[in-house]
Amino acid sequence: MMQNHLRGIFMKSFSKRFSHHRVIDDAILATGLKNKNIIRNPSVAEIYEYAMIPEMRVSHDARVRDSVISNTGALVAYSGKGTGRIPKDKRVVLDETTKDVIWWGDINMPITPLGYDINRARAIDYLNTAKRVFVIDGFASWDPMNRFTVRVICNRPYHALFMKQMLIRPSPAEIDEAFAKKPDFLIINGGEFAADPHNDSVTNETSVAVNLKKGEMAILGTQYAGEMKKGLFGVMHYYMPQRGIFSMHASANEGKKGDISVLFGLSGTGKTTLSADPHRALLGDDEHCWTESGIFNIEGGCYAKCIDLSMDTEPEIYNAIKFGSVLENIMFTEEDPREPDYHNVSITQNTRCAYPLEYIPGAKIPAVGGHPKNIFYLVCDAYGVLPPVAKLDTFQTKYHFISGYTSKVAGTEVGIKDPVATFSACYGEAFLPLHPFTYAKMLADKVEKHKSNVWLVNTGWSGGKFGVGKRMSLSVTRKILDAIHDGHLDNVEYRKSDVFGFNVPKTVPGVPDNILWPQNTWADKDAFNVELKKLAEKFQKNFVKYAEKTPKEVIEKGGPILSH
């Protein structure tokens, strides 16, 4: 009895001490929040304390494990059933603002304004019943001239910490000034509570709905934190091009001489890993914009895959997992119940870590830079027929950006267990609210204006297709990028490949020559030619839907050519 009494006193004191960490102003109450325990902009340490309260450690979903702290100080949390994005459950409100602007179809499916309002009310009603609600204020965009104020409302400490680290963290003075009025965008995360499948355009218990006119997003039925991050990215993909700014699903870093590299690629291609280069300053690992002045990062943090993570292969990311970082859906070693086992994928292959940008040694803050000198298209080729590196000409630059070939790897989306060859326009089709040509034209114009070099880099399979060959060595890919950054590939001989017509370097310092010419790594040359033809045919079939708006010479000179 005495123990319970003392615990009650402690909980009252705890709640009183932190309930008014920041003023709960009219803009917050105007969202519909009526919860008596709203915690606004708690510190990282405070979020940890909330995460360890017994009633807060576990989700209301019985399938979700308790949150714990790893042996390096990271908060370890679990997202339950949803361990990846579910693109088919994303909706955009169809109204007078969006009807003639959005690229409607399988990528952007509509929901009525009433359907969105029902989802929103359901999320707010749920949050009003929660023990506590967190409000996190942050910025999107390191460029002050193009900065968006973003507010996140959620009830899981894990989600609060995740978005605190993924957004750019304002000072208290900046919060007081920038958030004195309604923020530019609001994320309402009621993900522990299921959506109503009887609601308009909602097909199951998961729904991620965006209302661009209101500047809001409502999440129901999924606790995967990546839905907040990628949802906001899609919103920036909508607003930035309307300002004449090219938004990119890409990482970026800067050399000691100020030379900028941009790396396009979907999850699983190495975009985050390769951007964390010990010889270059990191600008960001995923989301950037290119203006008339140069580039800037949209985010304040990084969100990296953890599968098979080790100190030897990815030391920068490995060491970034410490106090203030979030580990998502990670299991532990048998020897130490708090030591992460990055090889254990029993929950999901999409294990993740989120950490502030400044946790990467030498990261550039503010995360802004000049115009890119080198642009990389990172592809994960499951067919094993593309070279590890090729230099693209003007036509190939356009063709392959619109094509966006890669292979979806296990865990990045629900249901993906083995690599699946796919095409994703602009290397980020799932996040494009506008037609791909909007972005492709902006890239082509900027590459031409600033004379950027464009490279295709295959981080997928070598020596055979998936199941036969092996994944390209990370050390080989790093040596290729080092050679490009050092200028070595400016002075080597190239040869043109069959079918795709790529310009492939004959030598790269530190890389065996036979690896550079992919058919040399195949034991069965006939099998190589069969797979090469299959992939070329897939390219041609995919591009049919873009042919009407694409100049004929781009298709003829930029795409694969098959002799019949």
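Residues numbered from 1 in each chain as written. Predicted model: local features only at pLDDT ≥ 70, side-chain atom pairs only at ≥ 80, totals over all residues. Heavy atoms only, no water.

Pairing between side chains of opposite charge can happen when the charged atoms of each approach one another. Scanning all chains against the criterion turns up 22 salt bridges. A salt bridge links Lys214 to Asp117; the shortest N-O distance between them is 2.8 Å. One end of the pair, Lys214, is in the loop between β9 (207-211) and β10 (216-220); the other, Asp117, is in helix α5 (residues 113-129), with 97 residues separating them in the sequence. Judged by relative accessible area, which is 34%, Lys214 ranks as partly exposed. When the shortest N-O distance is used, the salt bridge between Glu299 and Lys229 registers 2.6 Å. You can see Glu299 sitting in the loop between β15 (295-297) and β16 (301-305) and its partner Lys229 sitting in helix α8 (residues 226-239), a full 70 residues away along the chain. Lys229 shares its class with Glu299; the two are buried. What you see here is one network of salt bridges that share partners, running through Lys229, Lys230, Lys271, Asp286, Glu287 and Glu299. (Salt bridge = Lys/Arg side-chain N within 4 Å of Asp/Glu carboxyl O. Helix = DSSP H or I, 4+ residues; strand = E, 2+ residues; numbered from the N terminus. Buried < 20%, exposed > 50% of the residue type's maximum accessible area, 1.4 Å probe, protein only.)

Counting residues in each nonpolar core, the largest one holds 100 residues, and the members touching the most others are Ile187, Phe264 and Phe401. Of all the elements, α8 adds the most residues to this core, at 7 residues. For Phe401, the residues in contact, after removing those within four places along its chain, are Phe246, Phe264, Tyr377, Gln396, Ala425, Cys426, Tyr427, Tyr439, Ala440 and Leu443. (Core = buried A, V, L, I, M, F, W, Y, C linked by side-chain atoms within 4.5 Å. Contact = heavy atoms within 4.5 Å.)

Take the sheet that holds strand β4 (residues 90-93) next. Adjacent strands of a sheet pair through backbone hydrogen bonds, lying either parallel or antiparallel. Spatially, 8 strands are ordered β1-β6-β7-β8-β10-β9-β4-β5 in an open sheet, and the strand pairing comes out mixed. The open sheet has two edge strands, β1 (38-40) and β5 (109-111), and neither has a second partner. Geometrically, the sheet is characterised by an average inter-axis angle of 25° between neighbouring strands, direction not taken into account. Bridge count between β1 and strand β6 (residues 133-140): 3 bridges; the pairing is parallel. If you follow Arg40 over to β6, its bridge partner there is Val135. Running at roughly 155° to β10, α8 makes contact with β6, β7 (148-154), β8 (185-190), β9 and β10 of the sheet. (Pairing = 2+ DSSP bridges. Axes fitted to C-alpha atoms, helices over the stretch in contact; angles between N-to-C directions.)

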